[in-house]
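# A closer look at the structure
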Protein chains: 2
Amino acid sequence: MTDFASTRSAFHLPEGITYLDGNSLGPMPTHAADRVAAMMRDEWADMLITGWNRAGWYVQPRRVGDRIARLIGAGEGQVVIGDTLSIKVFQALSAALALNPSRRVILSDDGNFPSDLYVAQGLARVMGAELRVVAPEEVAAAITPDLAVLMLTEVDYRTGRRHDMAALTAQAHAAGALTVWDLAHSAGAIDVEPLGADADFAVGCTYKYLNGGPGAPAFIWVHPRHAEAAAPCLQGWMGHAAPFAFDLGYAPAAGIERMRVGTPPVIALAALDAALDVWDGVGMADLRARSVELTEAFIEGVEAACPGVTLHSPRDPAMRGSQVGFRHPQAYAVMQALIARGVIGDFRAPDVLRFGFAPLYNDLGDVERAVAALADILAAGAWDRPDYHRRAAVT
Amino acid sequence: MTDFASTRSAFHLPEGITYLDGNSLGPMPTHAADRVAAMMRDEWADMLITGWNRAGWYVQPRRVGDRIARLIGAGEGQVVIGDTLSIKVFQALSAALALNPSRRVILSDDGNFPSDLYVAQGLARVMGAELRVVAPEEVAAAITPDLAVLMLTEVDYRTGRRHDMAALTAQAHAAGALTVWDLAHSAGAIDVEPLGADADFAVGCTYKYLNGGPGAPAFIWVHPRHAEAAAPCLQGWMGHAAPFAFDLGYAPAAGIERMRVGTPPVIALAALDAALDVWDGVGMADLRARSVELTEAFIEGVEAACPGVTLHSPRDPAMRGSQVGFRHPQAYAVMQALIARGVIGDFRAPDVLRFGFAPLYNDLGDVERAVAALADILAAGAWDRPDYHRRAAVT
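Residues numbered from 1 in each chain as written. Chains lettered and ligands numbered in written order. Predicted model: local features only at pLDDT ≥ 70, side-chain atom pairs only at ≥ 80, totals over all residues. Heavy atoms only, no water.

The test is simple: UniProt positions are given in the numbering used here, feature names are shortened, and annotations may be inferred rather than shown by experiment.
In the annotation of an unreviewed UniProt entry, chain A is listed under the name Kynureninase and assigned to Paracoccus sphaerophysae. Comment text from UniProt for chain A, heading Cofactor (unreviewed entry), reads "pyridoxal 5'-phosphate". Chain A has a UniProt comment under Subunit (unreviewed entry) that states "Homodimer."

Here you go:
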């Protein structure tokens, strides 16, 4: 059994804060600060350029990728780290389109994170493709025989609704399409297994449930059957078969290494690598059970104590990830009032209060405090203050 | 007058090391370690998600971009930070091709850094373009009326040869083409001015002469005449006009902000921001004069004391950047022998000894020590040891 009291103690959780926004930015594992400081001092400062070999900077994207592979049920050598999630979406989507050259239709849904759609729109423009966007519940019916790629985010960033990855992938394959899955709200949150679901490509970020720090790099997984054939149009020297031969022509590296592009973000990788230490010994079935326990307790508590909000997430835990959304007409102001009381969730336009539950550090005490604060704010109308309606640049 | 003794004292330069590889990875400004530690502790750990507003993470790519703008003679609001250099090349090149839709020929040279060529090859595949690669001295003659984009690295990564940016840009414009300049070996090294040269796009990295740390993010500059028209095919939510409205359709942000893609690398940006402090008060004319002084002294010293090597860089300082290359048939082993004596330069295939001179921290003492070590190694044949011939993974 995973000891979640022990994983919780690995994090710096500020005094007086109930943090339910780890689905936006995970908190800092305490030892990540020491690890980054050591990297700065012992590696960059003292090794200088020799750190590429001596400190293993060069192999870090693959080594750290292997650590993430375990968390998404993938094998060694199937995941590599780098860039941002939007860029990894671009690579995966362009590689998938190239593998299915006789078709040009990309299907996604309007619950996908908008940046994934923006990436698809930009890529479609140059690759002569068409992006179709339907409602999440209409995806299955929209898988038609002209489809090149089905591109979805498994867990909806607003509602927490979870797609059935295995079923939709099987349906897409039967129609002759490939699949690209965004695991932004899955990796480290639920028992996701793109390999088990027979998906083709998967991508994700590491600053949410994996706690890699603000702007931590992304990851990409490629099914082994495509590893030697995938050819994204975004290609750079670190993904070359022989980067230091400085050939004038590109030749892809073997396997997942070809998904590397430029120089890896070494400082950020030190923070991410430290954050992944907390996952050692965490079982994914335990993670999922704990996630369901927390989200169920939160829904039950809010529905009992907080009239005026309505559940925005699927009621069946099998249909959702590790977050819960409630709607309220003044959701923005209500969230400001919660934050003022130390309960940090997230507002998502137009009217969603979003609460993420990260089994690694959230517990039933967090659930209890959040429910009590929300009940109190709604009962007293405490959200109706001018300063709670004033919107900040980043919401 | 810039006080280069003072800027040198801002860096952590390991005892016994003569560092002439800042054109590959700049050394750590001592206070960058404190800055990153403070960012981890006071921002990520304590502010959590509120750091996006409270600590200014969201505006950092533009704010730090403005600091770099001064170093490349550009104006405020013309530069933004993010991603890696290869990705910024991809964005600039795709935007330039889109601005010149009736033409599909990209011209570059074989002295360009290979990753730029790999990026162009990948992009050309999907945009139906053709990449022509000629020798650096043949570029001017190859600017033909069918050219869409001239894409060059100003300073050759092996020889240090400097292209005439203003003249080639004028010639490209006269032929109806746009220009994309890679400033990897220019920014922080020489008095480069893409705006003054009337270039269209410029990109660069920050881990070389700007000392942002291993894998530090890249920058992109767009001439103001293109700022509201440029549309790279690689587009993401941080470059959207209203990122937090979560619209389903992409609408580019005003000006340079549209060149942002995904979430910015906040930890890495703290290191880079600290590194840029050292540039406050540095005059670009002083920088250039100091660079010429150092490289001239090195060439003179080596040619006087080191038979067996031949100058690989242009002899005229006006024709080169801030690095010097010498050729030797056993360059790899010679460089290992130099490194063993604490003189760190770089080997570049097939036979180049490369030495970078960074005015911010290199001085005439470094030149003297490097010349003496090289002379001694060559005179004694000290490079001819089996372990000096054994190649490491990253060279």
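## A look at the UniProt feature "modified residue: N6-(pyridoxal phosphate)lysine" (unreviewed entry) in chain A
Residue and element names in this part refer to chain A. As a reminder of what qualifies: Secondary structure counts use DSSP, requiring at least four H or I residues in a row for a helix and at least two E residues in a row for a strand, with both numbered from the N terminus. Throughout, a residue-residue contact means that at least one pair of heavy atoms, one from each residue, lies within 4.5 Å. Polar contacts, as used here, are pairs of N or O atoms within 3.5 Å; protein pairs need one atom able to donate a hydrogen and one able to accept it. Residues neighboring in sequence count only if both atoms are side-chain atoms.
If you check UniProt for "modified residue: N6-(pyridoxal phosphate)lysine" (unreviewed entry), the listed places come out as Lys208 in our numbering. The residue lysine 208 is located in the loop between β7 (201-205) and β8 (218-222) in this model. Setting aside residues up to four positions removed in sequence, lysine 208 forms contacts with Gly22, Asn23, Ser24, Gly26, Ala184 and His185. In this structure the side chain of lysine 208 is engaged in a polar contact, spanning 3.0 Å, whose partner is the backbone oxygen of asparagine 23.

## Examining the packing of helix α10 (residues 284-305) of chain B against helix α12 (residues 364-380) of chain B
All names here are of chain B. Convention followed: Throughout, an axis means a line fitted to C-alpha atoms (over the contacting stretch in the case of helices), and angles, computed between N-to-C directions, take values from 0 to 180 degrees. Just so you know how the angles are binned, under 35 degrees is roughly parallel, over 145 roughly antiparallel, 65 to 115 roughly perpendicular, and the rest oblique. In this scheme the crossing of two helices becomes right-handed for a clockwise turn of the near helix relative to the far one and left-handed for an anticlockwise turn of less than a right angle. In this classification, Asp, Glu, Lys and Arg are treated as charged, Ala, Val, Leu, Ile, Met, Phe, Trp, Tyr, Cys and Pro as nonpolar, and every other residue, Gly included, as polar.
Packing of α10 against α12 leaves a shortest axis separation of 9 Å and a crossing angle of 20 degrees. The angle between α10 and α12 places the two elements in the roughly parallel class. Here α10 runs over α12; the crossing is right-handed. Contact with α10, carried on its side by Arg290, Glu293, Leu294, Ala297, Phe298, Gly301, Val302 and Ala305, involves Leu364, Val367, Ala370, Val371, Leu374 and Ala375 of α12 and no other residues of that element. By residue class, the composition of the contact of α10 with α12 is eleven nonpolar, one polar and two charged.

## Concerning the UniProt feature "binding site: pyridoxal 5'-phosphate" (unreviewed entry) in chain A
What counts, and what does not: Only protein chains enter the accessibility calculation, which uses a 1.4 Å probe; a residue is then buried when its area is under 20% of its type maximum, exposed when over 50%, and partly exposed in between.
The UniProt feature table records "binding site: pyridoxal 5'-phosphate" (unreviewed entry) at Leu85, Ser86, Phe113, Pro114, Ser115, Asp116, Thr153, Asp182, His185, Tyr207, Trp237 and Thr263 of chain A. With the annotated positions falling across 179 residues, the maximum pairwise C-alpha distance of 30.1 Å shows that they are not confined to a single cluster. Owing to a relative accessible area of 18%, phenylalanine 113 of chain A belongs among the buried residues under this scheme. Look past the residues within four positions of phenylalanine 113 of chain A in its chain and what remains in contact with it is Thr153 and Tyr157 of chain A together with Trp237 and Phe246 of chain B. Along the polypeptide, aspartate 116 of chain A turns up in helix α6 (residues 114-127). Aside from chain neighbours lying at most four places away, what touches aspartate 116 of chain A is Val89, Met151, Thr153 and Asp182 of chain A.

## Describing the pairing of strand β4 (residues 130-134) of chain A
Two faces make up the sheet, and in a regular strand the side chains alternate between them. All names here are of chain A. We apply this condition: Pairing between strands is defined by DSSP: at least two bridges between them are needed. Seen with the strands pointing away from the viewer, any crossover whose path from the first strand over the helix to the second strand runs clockwise is right-handed.
Bridge analysis of strand β3 (residues 105-109) against β4 gives five bridges, and the strand direction is parallel. The residue bridging aspartate 109 from the neighbouring strand is valine 134, located in β4. Chirality of the crossover, the property in question, places the unit of β3, α6 and β4 among those that are right-handed.

## A closer look at the sheet that holds strand β3 (residues 105-109) of chain B
Residues and elements named next belong to chain B. Taken together, the seven strands give an open sheet; going across it, the order is β2-β8-β7-β6-β5-β3-β4, and neighbouring strands pair in mixed fashion. The two strands at the open ends of the sheet, each matched to only one other strand, are β2 (79-82) and β4 (130-134). Averaged over all adjacent pairs, the angle separating strand axes in this sheet is 20 degrees, with direction ignored. Here helix α4 (residues 60-71) sits on the sheet in contact with β2 and β8 (218-222), set at roughly 120 degrees to β2.

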